[in-house]
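Spelled out from the first residue to the last, the chains are:
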Amino acid sequence: MPEADTKVTKDFRANQPQSNAGFHIKGSGSYDWGMKYRLGRIFREDGNTVMLAIDHGYFQGPTSGLERIDLDIVPLLPHADALMCTRGILRSVIPPAAGNPVVLRASGGPSILKELSNEQVAVAMDDALRLDVAAVAVQVFVGGEYETQSVANMTKLVDEGMRVGMPVMAVTAVGRELVRDSKYLGLATRMLAELGAQVVKTYYCEEDFGHVTAACPVPIVMAGGKKLPELDALTMAYNAIQGGASGVDMGRNVFQSLHPDAMLTAINAVVHDSATPQEANELLRSLI
Ligand code: R5P
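Computed from a predicted structure; not experimentally measured. (Residues numbered from 1 in each chain as written. Predicted model: local features only at pLDDT ≥ 70, side-chain atom pairs only at ≥ 80, totals over all residues. Heavy atoms only, no water.)

*Asks:* Which residues make up the environment of F59, and what values do they have?
*Replies:* One can find F59 in helix α2 (residues 57-60). In this structure, the C-alpha to C-alpha distance between F59 and E230, residues 171 residues apart in sequence, is 26 Å. (Helix = DSSP H or I, 4+ residues; strand = E, 2+ residues; numbered from the N terminus.)

Dropping the structure here:
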């Protein structure tokens, strides 16, 4: 093994974006047709996506705002480029006619009552194909108790996905004891991309988020995190996009908002129309 890399100042050249030769989605120019087709359903022509995350129930049950997905989430679907959910919710509640590309939660196991990093692969690839999803998603716990097991879950899905043209979105799961700074997020996101994930989902960090995106050769989508005031959440999304993220995958900041449809519209303005947080917030206020 190489010696530990202790150099503090690194050369990320964050103001020099990676060129996207051959395709509009970061790092995917050399993929096969099916993989490109699926990624192209998630990411729009501008290379960005607004994904709505509603998979929280896979480990924490009926999350606030997700008690009745049929009543509260289905009406939001026209405002989302993609939907991240479990196969149970997809089959029982989401109308196939909604047409949203789906990023299917494909790992799970422990509940909030147990050690969360002890996940396994929870969906067979042939079921993901049967559901015609656009990608599968897997939690990876870098630094967590079951780090190696969760990495193996991801590489198993990547291997199976490569056989059938199915992208894998790896989600960096940050345990309570880990600091969400650019050093940790840079380690986790780069590891997952190096090990084959076609998309990485991670949290935003105030300091040097651009270093995280610059060093990750595949698209990073920003996870939302706990509910914030709308302007703060829009500011975080704006800063992430300006810092090189290829979109957002937000849950609680949408479905726990008093005005989730207006919030999604405002997020779309930030992600796809370069609206400032103030402009997006004004748009939101004009819709309620
Ligand atoms: C968490 O593990 C879930 O996979 C969610 O998809 C993720 O946390 C994003 O949702 P939120 O924006 O509520 O954090």
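Continuing now.
*Asks:* If you had to explain helix α9 (residues 230-242) to someone new, which residues and values would you point to?
*Replies:* Between its first and last C-alpha, α9 extends 18 Å over 13 residues, near the 18 Å set by a 1.5 Å rise per residue. Its buried side turned inward, α9 meets α8 (209-214), β9 (220-223), β10 (247-250), α10 (252-255), α11 (260-273) and α12 (277-287). G244 occupies a position one or two residues after α9 and carries a positive phi of about 105 degrees. (Expected span 1.5 Å × (residues − 1). Contact = heavy atoms within 4.5 Å.)

*Asks:* Which residues make up the packing of α11 against α12, and what values do they have?
*Replies:* Running from N to C, α11 and α12 cross one another at 155 degrees; their axes reach a closest spacing of 8 Å. Classed by the angle they form, the pair α11 and α12 counts as roughly antiparallel. In this structure, α11 crosses over α12, and the sense of that crossing is right-handed. Of the residues in α12, those touching α11 at A262, M263, T265, A266, A269 and V270 are A280, L283, L284 and L287. For the contact of α11 with α12, the residue count by class is nine nonpolar, one polar and no charged. (Axes fitted to C-alpha atoms, helices over the stretch in contact; angles between N-to-C directions. Parallel < 35°, antiparallel > 145°, perpendicular 65-115°, else oblique. Left-handed = near helix turned anticlockwise from the far one by under 90°. Nonpolar A, V, L, I, M, F, W, Y, C, P; charged D, E, K, R; others polar.)

*Asks:* For the pattern of salt bridges, give the residues involved together with the corresponding values.
*Replies:* Applying the stated criterion across every chain, the model contains 13 salt bridges. Two residues, D127 and R87, come together in a salt bridge whose shortest N-O distance is 2.8 Å. A residue pair is termed long-range when its members are at least 10 positions apart, and D127 in helix α5 (residues 125-130) and R87 in helix α4 (residues 87-93) qualify at 40 residues. For R87, a relative accessible area of 31% corresponds to the partly exposed category. (Salt bridge = Lys/Arg side-chain N within 4 Å of Asp/Glu carboxyl O. Buried < 20%, exposed > 50% of the residue type's maximum accessible area, 1.4 Å probe, protein only.)

*Asks:* Help me get a handle on the packing of aromatic side chains, residues and values and all.
*Replies:* In this structure the tally under the stated criterion is three aromatic pairs. Seen from their ring centres, Y58 and F59 are 5.1 Å apart, and the 70 degrees between their planes marks the pair as edge-to-face. For F59, a relative accessible area of 21% gives the class partly exposed. Taking the centre distance of 5.0 Å and the plane angle of 55 degrees together, the rings of Y204 and F209 count as tilted. (Phe/Tyr/Trp six-rings, centres within 6.5 Å; stacked < 30°, edge-to-face > 60°.)

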